[in-house]
Amino acid sequence: MGKFKDSVFYHDAIHEINYPFGDFYLLDGFVVAEVYEGITFNWDDHGKKVVEDISYLYDSHGQDLILIANRINSYSTKPTDWKKFFQHRYTLKGYGVVSYSKFGNSIALIEKWFIRTRTKRFKSLDSAIEWAKGISSNRMVS
C-alpha cells in the first residue's frame, strides 16, 4: 500500500490539490485521488468541488481524463452520486480503483454498477498508473 507522494510517479504531477477531505494529483491525462480516513465522500460535499476544479484546470469535462482512486485510507462513498456526476454531463475516459483490502474490492464492485465508463481494479498504484498511461496514449489496454 503506497501513497502517491512516495511513488516514483510523484515528480510527474503537474498540479497537486489538497482539500480538507483528500489529496488529488493531476498528471498528463489522469488524476490520482487519495481521500482521507473516515470521510464519507459524496457529490454535494466533495465531488462537485473536485470535478469543477479539475475540469477548470484541464479545460475539459473529463472526456479525456482517467481517474485513479488510490484507496490507501478507509473511507465511504455514495455510489449513487455517480448519477449526479453524469447528469452534469461530465464524463471519464476510464476509472481505476487501487484497493488494498477485500472490503475495498467490494466497494469498487458496487461503484462499477453506477459508472458508465471503463473501470478496472488494481492491487498496486504502479499497475493502475501504467494502465492510465496506456489509455491516455490511446492504446487499448484493459
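What counts and what doesn't
- Residues numbered from 1 in each chain as written.
- Predicted model: local features only at pLDDT ≥ 70, side-chain atom pairs only at ≥ 80, totals over all residues.
- Heavy atoms only, no water.
- Phe/Tyr/Trp six-rings, centres within 6.5 Å; stacked < 30°, edge-to-face > 60°.
- Helix = DSSP H or I, 4+ residues; strand = E, 2+ residues; numbered from the N terminus.
- Buried < 20%, exposed > 50% of the residue type's maximum accessible area, 1.4 Å probe, protein only.
- Polar contact = N/O pair within 3.5 Å; in protein donor to acceptor, adjacent residues only side chain to side chain.

Visitor: For this particular structure, what's the right way to read the packing of aromatic side chains?
Guide: Given two aromatic rings, their pairing is described by the distance between the two centres and the angle made by the two planes. Under the defined criterion, the tally for this structure stands at 15 aromatic pairs. Here Tyr10 and Tyr25 contribute two aromatic rings whose centre-to-centre distance is 6.0 Å and whose plane-to-plane angle is 80°, an arrangement assigned as edge-to-face. You can see Tyr10 sitting in the segment before β1 (15-19) and its partner Tyr25 sitting in strand β2 (residues 22-27), a full 15 residues away along the chain. Residue Tyr10 is classed as partly exposed on the basis of its relative accessible area of 29%. Ring geometry for Tyr19 and Phe21: centres 4.8 Å apart, planes at 5°, overall stacked. Taking the relative accessible area as the measure of exposure, Tyr19 reaches 9% and is therefore buried. Ring pairs connect the aromatic residues Trp43, Trp82, Phe85, Phe86, Tyr90 and Tyr95, which therefore count as one cluster.

Visitor: Where do I start with the side chain of Asn42 in this structure?
Guide: Position of Asn42 relative to the elements: it lies in the loop between β4 (40-41) and α1 (43-58). The class for Asn42 is buried, based on a relative accessible area of 14%. There is a polar contact of 2.8 Å between the side chain of Asn42 and the backbone nitrogen of Asp45.

Everything listed here is a matter of geometry and, on its own, says nothing about what the molecule does.
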